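# Chains, contacts and geometry: an overview
Chain by chain, the residues:
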Amino acid sequence: MEKTLAQLAEHISGKVKGDPNIKVNSVATLENATATDISFLSNPKYTNALQTTKAGAVIIGKDTGAPVPLLICEDPYYAFSQIVVLLHGYRQHKNIGVSPKSNIAKTAKIGNGCIISDFATICDGAEIGDNVVIYSGAFVGDNVKIGDNCILYPNAVIHDGCRLGNNVIINANATIGKDGYGYATHKGKHYKIPQVGVVVIEDDVEIGSNCCIQRGAIEDTIIGEGCKFGDLINIGHGTKIGAHCLLVGQVGIAGSTTIGHHCVIAAQVGIVGHIKIGNLVKIAAQAGVINDVPDGQNIAGTPAINALNAKRAYSIIEDLPEIKKVIRRIKKQNGKSDTEKNGHE
Amino acid sequence: MEKTLAQLAEHISGKVKGDPNIKVNSVATLENATATDISFLSNPKYTNALQTTKAGAVIIGKDTGAPVPLLICEDPYYAFSQIVVLLHGYRQHKNIGVSPKSNIAKTAKIGNGCIISDFATICDGAEIGDNVVIYSGAFVGDNVKIGDNCILYPNAVIHDGCRLGNNVIINANATIGKDGYGYATHKGKHYKIPQVGVVVIEDDVEIGSNCCIQRGAIEDTIIGEGCKFGDLINIGHGTKIGAHCLLVGQVGIAGSTTIGHHCVIAAQVGIVGHIKIGNLVKIAAQAGVINDVPDGQNIAGTPAINALNAKRAYSIIEDLPEIKKVIRRIKKQNGKSDTEKNGHE
Amino acid sequence: MEKTLAQLAEHISGKVKGDPNIKVNSVATLENATATDISFLSNPKYTNALQTTKAGAVIIGKDTGAPVPLLICEDPYYAFSQIVVLLHGYRQHKNIGVSPKSNIAKTAKIGNGCIISDFATICDGAEIGDNVVIYSGAFVGDNVKIGDNCILYPNAVIHDGCRLGNNVIINANATIGKDGYGYATHKGKHYKIPQVGVVVIEDDVEIGSNCCIQRGAIEDTIIGEGCKFGDLINIGHGTKIGAHCLLVGQVGIAGSTTIGHHCVIAAQVGIVGHIKIGNLVKIAAQAGVINDVPDGQNIAGTPAINALNAKRAYSIIEDLPEIKKVIRRIKKQNGKSDTEKNGHE
C-alpha cells in the first residue's frame, strides 16, 4: 500500500516537515531505507544515521534539522507501529472456513467466521468464539473456552478446561495447561498429584512459541490482560501474572508466585515459587529472584538486588583475583604482626 | 465425589480430630477453602492461615489446637495427594479406541485397550503395550517400544528406536530421541555424525512439555525409573540419569554425564558434559556445574560450590564496590609506604 | 555393514597398525567396545582406556604403543565420524512419496523425490526443492521456499515467507519465523507491530528440536551457512548469525544482534540485542553478553569478560565471606586509627 506523508501524518496525528506529497510504501531501517521507505528514530544511539539515510521520510520525536523529510510526533515508536500496520498489515489467514479434515467433537461449539484447518482437533465441550483462527495440528482439549478473534498457530496445545479471553494469540508449539509439576514424595518415590486448576489467559495476551504454562495444582494459573510473552517461557502451577507485563524469552517462573501489573521480566530470568513481585517491577536478564520485590523496583543479579547496585557490583567480579592478592598480603602481614605480638608476649 | 472425614481418614491411615461426619468434595488452599473443601498444611510458613481458614477440614502432621477439624497423619503432603486422587482423580481420556484417522503402519503392534487419536502416527515396527493413550499429532517412530499404561500428549514426538517403560507420560510438544548434538569439525566445517544410540526411558517417568532429550551418539541416553521432569528441559546425548531424580523446568545437561539416583536439580541449572554427579545430590536453581559431585552434596552457584557457602558468598557480591574501595585505599597507602621505603633505601 | 581395517584405512586415508584383515561392523566407546567394534581416542582424558579396551581397533592420532590394533590418522574424531557414516549411515526415511493424507495447497510446488507424510501441511505458494523429507505434522506456511535435500522432522513449523537453503535440517517441534517480539507501548498497553521480515536459513544448517527463531521486524533474521544449533534455542528478530557457528542448547540471543562466523556459543548463554559479536568468538556456558565482542575473543561470566580472567575470578566468589571479614577488620582498625588521629588533633 502506498501513502503520502500527508496521509501518514494524519493517520498518526503528527506533522510533516518537508514535501507532504512524497509517497512511501514500506518501512525500513535508517541504514537500509530507500526513497520509497519510511524509517524511524526512537533510540538516540542511531541519531547519526539521520544524516546519511536515504529514506523517503523519518518518523521522529522532534525536528533535529536532519536533511531528510520528517514526520514529527509525540511517540515515534508507537507512530511507527501504526504505520507498519497501515502499510504492511498483520498476517492474513486464508479463509478456508472449517476444514472437513479437522477433528471437531460434536459437542464442541464453534462461533461465526472461524477458520479451522486440517488436522486441528477440538474436543468435547469446547467453546470457540467468533473469528477464531486455528491452524493445523493445534489441539483444543475438552471444555476449553476460547474468546473471539483468537489465533492458535500450528501445533499449539490447549489442555482441557483452560480458558482464553478475546484477541489471544498462542504461537506455534506452545503448550497451555499441561499438568503442574506436582508430586508427593513418599519413601523415595514421587507420586503424581492431580492438578485441579486450569490456566486462565485474559484478553489481548500473546504467548510465544514453545512456551509452556502449567495448569494450577489447586488454584488456577492466571496470565493477566495484555501480557506479552516471548518464546520458550515456563510458568509454574498456580502462578498469577498481572496485567500488561512483558516477559522476554526463556523466562522461568516457579509455581504459586504472584506478579503485579506492568512488570518487565527480561530474558532467561528465573523466579522462585511462592513469592510476591509488586507492580511495575523491572528484572534484568538472567537475574535470579528469590525474595518478594516491592512495587517499582529495578533488580538484577543472582540473587537479585537493586539493578544499579548490581551493575556496579558484578563489574567488580573481574577484580576478585587482585582483591584476593591484596587480602592475602594483608593477612600475611597481620599474621607476621600477630606472631611478633605473640613473640613480644 | 463426596467423602466424610472418617472415610478420608481411613483412606490415608490418619485420624480425625473433630466431627468425622463432615463431608467434603474438593481440595482448596487454606486461604480460599470453603466448608466443602479439605485443605492441608505442610509448609510451616502457612501455619497462621490455620486460624482463619474456612476449610471443612485440614490435613496436618500434628494437632496444633487450630479451630478447624483436622485429619492428622504422618506425611500430610502425601496424604493430601492421595485425597486429591480420591476426590478429583487423574485426567480422563475419552475412550475412542484406535481412530481410523490415525496413521498406523501395518507392521506396528498395538496392545489391548489403547486409545490412538486422529492425526497420530505410529511407524513401522513400533510396539505399543496395553492401555496406552496417544493423543493427536503425536509421532511414534520406527521400531519404538512403548510399555503399558503410557500417555503421549498431543504432538509429542518419539524418534525411531527409542524405548519407553510402563506408566511413562510424555507431555505435549516434547521431543524424545532427536539426534544428539554431534559434529566433527574439519577444515572449518561441521560434519554431522550419525547418532547410533537411542533414548531409554524407564518405568514411571514423566517428561514435561517441550522437553528435548537427545538420542545417544554411541551409547544410549537413559532416564532412570521414577524420574520426574519439568518443562523445556534439554538432555544431551549419552547422558544417564539415575532413578527417582527430580529435574525442574529449563534444566540443561550436556552429553555423556552420569547422574545418580534421587537427585534434585532445580530450575535453569546447567551441567556440563562428561562429568559424574553422585546420588542424592541437590543442585540449586541456575547453578552451573562443571565438576564431578560426590554423593549427598548440596550445591549452588556458578561454578557450583557447597550450597551454604554459596548462599553466604553470593550475598556478598552486593558489597563488592565497598570492598574495592577499601582495597584501593590500602593499595594507595601501601604504595605510599612502599615509596617511603624506597625513599629510605 | 562389515568392513576390514584395511578398507576403513583407505576410506579415511589413514594407516593400519596391526592386522588389516580384522573386521568390524559397529562403533563403540573404548570402555564398552567388543571385538567387532571400532572405537576412537581424541580426548586425552581417556588415554588410559586404551590399555584395557576390548575394541577390534581404535582410531587414533598417533601410535601410543597400545595393545590394540590402531587406525592412525590426522584428525581421529573426523575420521571416526566418517566411519560412523560408513558403518551405520544416517537415518533412513521410508520412501512413501507424497501422502494423499497430507494437505498440499494447489499453488505449492513440490520437487522430485520428495517424501511428504500424512498430516503435513504445505500452504499456498510454497516451493519445495528435490528430495526433501517432510514428516507428519510439519507445517510449511505460505510462500515458504525450501531448497533441496532438506528434512523437516515431525511438527516442525516454518512460517510464511521464510527461506531455507539446501541440506537444511529442522528438528521436531522447532518453530521458524514466528513473529518477532515487537510491541509499541503506549499509555500502558503494548501494541503488536507487524513483523515484516522473515527468517533466512542458509545451506547446511541444522536447527535443534523445540528451537524458536523469530522472523525479522523490518529486516530478515539470518542463520548463516553451516551453523549447527542445539535444542531449545531462541533467536530474536533481525539477528544475523554468520557461517559455521555452533550454538549449544538453550542459548538465547535477543534481536538485531550480529554474530560473526565460526563462533562457538555454549549452552544457556544469553546475548542482548543490538550488539556485534566478531568472528571466531567463543562464549562459555551460561555467560551473559551485553557488549560488542571483538574477533577471536574467548569470554565467560555475566557480564561476560575474558574467559581466563573469568575462570580465575568466579572461583574466588567462594572466598568472599573471608574477604569481607578481613575488610571489616581493616575498616574497624582504620576507624580506630582515624579516631586516634582525630584524638591527636
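The model shown is predicted, which means the values in this text are computed figures rather than measured ones. (Residues numbered from 1 in each chain as written. Chains lettered and ligands numbered in written order. Predicted model: local features only at pLDDT ≥ 70, side-chain atom pairs only at ≥ 80, totals over all residues.)

With that out of the way, let us pick up helix H3 (residues 76–87) of chain A. Residue and element names in this part refer to chain A. Look at H3: 16 Å from first C-alpha to last across 12 residues, which is about the 16 Å you get at 1.5 Å a residue. Taken as a whole, H3 has its buried residues at Pro-76, Tyr-78, Ala-79, Phe-80, Ser-81, Gln-82, Ile-83 and Val-84. Count one or two residues on from H3 and you reach Gly-89, which has phi positive near 75°. (Helix = DSSP H or I, 4+ residues; strand = E, 2+ residues; numbered from the N terminus. Expected span 1.5 Å × (residues − 1). Buried ≥ 20, exposed ≤ 12 C-beta atoms within 10 Å, placed from the backbone.)

This part is about the relation of the copies chain B and chain A. For the pair chain B and chain A, the superposition axis carries a translation of 0.0 Å, the fit reaches an RMSD of 0.1 Å, and the rotation angle comes to 120°. The relationship between the two copies is best expressed as a three-fold rotation axis. An overlap of only 16% is found between the interface residues of chain B and their copies at the interface of chain A, pointing to separate contact surfaces. (Least-squares fit on C-alpha atoms with pLDDT ≥ 70 in both. Contact = placed C-beta atoms within 7 Å.)

Time to look at the environment of Phe-80 of chain C. Residue and element names in this part refer to chain C. Counting through the fold element by element, Phe-80 comes out in helix H3 (residues 76–88). Taking the C-alpha atoms as reference points, Phe-80 and Thr-239, 159 residues apart in sequence, are found 34 Å from one another. Aside from chain neighbours lying at most four places away, what touches Phe-80 is Phe-40 and Ile-59.

This next bit is on the sheet that holds strand S2 (residues 15–17) of chain B. Residue and element names in this part refer to chain B. Reading across from one edge, S2-S7-S6-S5-S4 is the order of the 5 strands in this open sheet, with mixed pairing throughout. Here the strands that pair on one side only, and so sit at the sheet edges, are S2 and strand S4 (26–27). Alignment of strand S6 (residues 57–60) against strand S7 (residues 70–72), held across 3 bridges, turns out to be parallel. If you follow Val-58 over to S7, its bridge partner there is Leu-70. Running over the sheet, helix H1 (residues 5–12) touches S2, S6 and S7 and is turned about 145° from S2. (Pairing = 2+ DSSP bridges. Axes fitted to C-alpha atoms, helices over the stretch in contact; angles between N-to-C directions.)

In the segment running from Thr-302 of chain A into Pro-303 of chain A, the intervening peptide bond is cis, with an omega of -5°. Unlike most non-glycine residues, Asn-173 of chain A shows phi in positive territory, near 60°. Looking at the secondary structure, you find Asn-173 of chain A in the loop between strand S19 (169–170) and strand S20 (175–178). Within the chain, Asn-131 of chain C stands out as a residue other than glycine whose phi angle is a positive 55°. Looking at where Asn-131 of chain C falls in the secondary structure, it is placed in the loop between strand S12 (127–128) and strand S13 (133–134). On the basis of neighbour counts, which here come to 18 C-beta atoms within 10 Å, the residue Asn-131 of chain C falls in the partly exposed class.

Below, the discussion takes up the packing of helix H1 (residues 5–12) of chain C against H3 of chain C. All names here are of chain C. With their axes 10 Å apart at the nearest point, H1 and H3 run at an angle of 120° to one another. The pairing of H1 with H3 is recorded here as oblique in orientation. Classified by chirality, the crossing of H3 by H1 is right-handed. Counting all contacts with H1, which are made through Leu-8, His-11 and Ile-12, the residues of H3 involved are Ala-79, Gln-82, Ile-83 and Leu-86. Here the residues of the contact of H1 with H3 sort into 5 nonpolar, 2 polar and no charged. (Parallel < 35°, antiparallel > 145°, perpendicular 65-115°, else oblique. Left-handed = near helix turned anticlockwise from the far one by under 90°. Nonpolar A, V, L, I, M, F, W, Y, C, P; charged D, E, K, R; others polar.)

Just geometry here; none of it tells us what the structure is for.
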